Each structure stands twice: as C-alpha cells, then as structure tokens.
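Given next are the chains, with one letter for each unit.
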Amino acid sequence: MTAEIIDGKAFAAEVREKVAGHVARLKEEHGITPGLAVVLVGEDPASQVYVRSKGKQTVDVGMNSYEHKLEVETSQADLLALIEQLNHDPAVHGILVQLPLPGHLDEDLVINAIDPAKDVDGFHISNVGLLGTGQKSMVPCTPLGCLMMLRHHHGSLSGMNAVVIGRSNIVGKPMAQLLLGDSCTVTIAHSRTKDLAAVVSRADIVVAAVGRPEMVPGDWIKPGATVIDVGINRIDAPEKGAGKTRLVGDVDFASCAEVAGAITPVPGGVGPMTIACLLANTVTACCRANGVTEPEGLTA
C-alpha cells in the first residue's frame, strides 16, 4: 500500500481563501475589519521568522496586523501593561504572544493575562477548561488544523480509534479533547507508555506529537490508518554536505507511508495549517465579539 499524501500546504491555502472571503463580507456587511496583534519579545531568529510570516498572511487575507516588538530585557510589568492595552482595544480581536519568552518572564502569567475571548492561540486556562468540558472556546491552532485535515479526509470520525502520541498542553491534550468531541475512542500515549507499539497498532488515526525525530516506524502502524505527523525536528544530513541538516517528523515517513492509508509529510503537512488556523481563530473571535454569526468550518 502507498499512502495518500495529505497536502497541508494546499489545504491551508483553501482555509486562507475561506478566511479572506469571510473578512471581505465582514467589511462589506458590517463595516468591521478583524485585527490580529502579535507581540514578540527579544530577537529569537525562529520567532522572528514566524512573526513575519504571520504578519504577511494576516494582511494577505485582508485583516489588520498589529506587531509589537519589544526589547529582550522588557519587564514583566511592561509586557502585562501592553497586553492590558490590547485587551481593551476594540480594533484588536486576536492577541498572540510569541513563545518562547525570555527566561525572566513568566509564560503562564502572560498567557493568562490575555482576554480569553482574544486568546487566538487557545492557551488561556479558561479556554483549556471550556474545550475540556465541550463548551465553545478558542481552540489551539495546531490541533485545530489536524482536526480539519482529518475531517476533510474522512468526513465523520465517529467511532474511530485514535492514538495521540504526546501529552503537551499545546498539542497532545487539546488534540485528544477535539477527537473525543468528534466521537473517537481516544488514547493519549507518550514516550513512557508500556508496549507503545501495540497501542499504536490498534489505531485508525495516529497523531504523533512527541518531539522525537522519526520515533514511530512503519511496523507500528495499522494497515490503512491515517497518520498525522505534528513533529518538526532538524537532524544532521551528511548526504547534503558537512554541517547540513534536514527536517523530519516524529514518524519515519518512508516506512509509515508504505503501510498507512494517508499521511502528512514534513515539511508541508501540519505546519502550514497552524498559521491558517490562527487566521481562522481571529475571524471567529471577531464574529463573537460583534455578535455576528461565525463562519462554519473554521473552528471545532
């Protein structure tokens, strides 16, 4: 069997097109332009790349982009003051504080200072609780992107056995909640799960988000299963030359693709969906804030 490749890049483009359409209607019918504020503290190179990409894609779909770049030595009080300002700014519908933060700043305190209704990352403790109890919430972008791709590929997920490898607050736990919400039977596994291979082999859906390069081999995968690889790991690539690296996921793509029914590649799978879902969350937050019917298909 050769697995169908789930093209996250193409699907993300479709999501952005839908977002752009909703943004245009909000402007035309209600005179509202969704706005996303991104806060970057310090000069972490990877974070700078992410912020630039988010800003460009925000503008491309017709939304307002507000970037706040702060010095690495910015105090906790000053950062919290900026968040409070953004919380009360009616032009800002979504707030994202780029992680990781410099070591002297308390990430949990900062995240939980964001108005939950504007928490488009879905990390605020209120949104975590709402998601966990099946209520309307802002949903974390990466798990939301995974869910969208699974729904698109399968239609209904009801009754399917799903294994999520990884228990992080950012991906693993919310992914499990979303799959439960779609009536899957869900197991959360991790690096210390006993007989992990046997656990994974029973799954119709495998979401790998453990942060270990190529940890999941093809002989763990149930024939025909759908594999969603969230991992982004950089490993040495001597075949490219001295000091060169390449990106790989948490599954061994070559061996898994021989067994699975469908699989996401790395890169080009889950990654592009994360920013697309950030834009979708911003539109959803804008609609909720203004009492406008929110678009279907852009959230859980």
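Residues numbered from 1 in each chain as written. Predicted model: local features only at pLDDT ≥ 70, side-chain atom pairs only at ≥ 80, totals over all residues. Heavy atoms only, no water.

A. Molecular detail of unusual backbone geometry. Put simply, Leu99 and Pro100 share a cis peptide bond, and its omega is 5 degrees. Topologically, Pro100 is positioned in the loop between strand E4 (94-97) and helix H4 (107-111). Looking along the chain, the bond that leaves Val266 and enters Pro267 is cis, with omega of 0 degrees. Mapped onto the elements of the fold, Pro267 is located in the loop between strand E11 (262-263) and helix H10 (270-289). A positive phi angle, close to 50 degrees, is found at Glu214, a residue other than glycine. (Helix = DSSP H or I, 4+ residues; strand = E, 2+ residues; numbered from the N terminus.)

B. Geometry of helix H6 (residues 141-154). The end-to-end C-alpha distance of H6, which contains 14 residues, comes to 20 Å, matching closely the 20 Å that a straight helix rising 1.5 Å per residue would cover. Of all 14 residues that make up H6, ten are buried, and the element is covered over most of its length. Among all positions of H6, only Cys141, Thr142, Pro143, Leu144, Gly145, Cys146, Leu147, Met148, Met149 and Leu150 are buried. Looking at the packing, one finds that the buried side of H6 touches helix H1 (8-30), helix H7 (172-181), strand E7 (205-208), strand E8 (226-229) and H10. Of the residues flanking the end of H6, it is Gly155, one or two places downstream, whose phi is positive at about 80 degrees. (Expected span 1.5 Å × (residues − 1). Buried < 20%, exposed > 50% of the residue type's maximum accessible area, 1.4 Å probe, protein only. Contact = heavy atoms within 4.5 Å.)

C. Just the sheet that holds E4, in detail. An order of E3-E2-E4 is seen for the three strands of this open sheet, with the pairing classed as parallel. Each edge of the open sheet carries a strand with a single partner, namely strand E3 (64-70) and E4. On average, each strand axis in the sheet is tilted by 15 degrees relative to the strand beside it, whichever way the strands run. As paired strands, strand E2 (residues 35-41) and E4 are joined by four bridges and run parallel to one another. When the sheet's bridge partners are listed, Leu36 is paired in E4 with Gly94. Contacting E2, E3 and E4, helix H2 (residues 45-60) crosses the sheet at an angle of about 160 degrees to E3. (Pairing = 2+ DSSP bridges. Axes fitted to C-alpha atoms, helices over the stretch in contact; angles between N-to-C directions.)

D. Highlighting the packing of H1 against H10. Contact geometry for H1 and H10: axes closest at 8 Å, N-to-C directions at 20 degrees. On the basis of their axis angle, the class for H1 and H10 is roughly parallel. For the pair H1 and H10, the sense of crossing is left-handed. Here Gly8, Lys9, Phe11, Ala12, Val15, Arg16, Val19, His22, Val23 and Leu26 of H1 lie close against H10, whose contacting residues are Pro272, Met273, Ala276, Leu279, Ala280, Val283, Cys286 and Cys287. When its residues are assigned to classes, the contact of H1 with H10 shows 14 nonpolar, two polar and two charged. (Parallel < 35°, antiparallel > 145°, perpendicular 65-115°, else oblique. Left-handed = near helix turned anticlockwise from the far one by under 90°. Nonpolar A, V, L, I, M, F, W, Y, C, P; charged D, E, K, R; others polar.)

E. View of the sheet that holds E11. What the six strands build is an open sheet, ordered E1-E11-E8-E7-E5-E6; its pairing is parallel. The open sheet has two free edges, formed respectively by strand E1 (4-5) and strand E6 (185-189), since each of these has just one partner strand. Pairing geometry for strand E5 (residues 161-165) and E6, over five bridges, is parallel. What sits directly across from Val164, in E6, is Ile188.

F. Region of the structure containing the packing of H6 against H7. At their nearest, the axes of H6 and H7 sit 9 Å apart, and the two run at 35 degrees to each other. Here the hand of the crossing between H6 and H7 comes out right-handed. Contacts from Pro143, Leu144, Cys146, Leu147 and Leu150 in H6 reach Pro174, Met175, Leu178 and Leu179 in H7. Taken together, the residues that form the contact of H6 with H7 break down as nine nonpolar, no polar and no charged.

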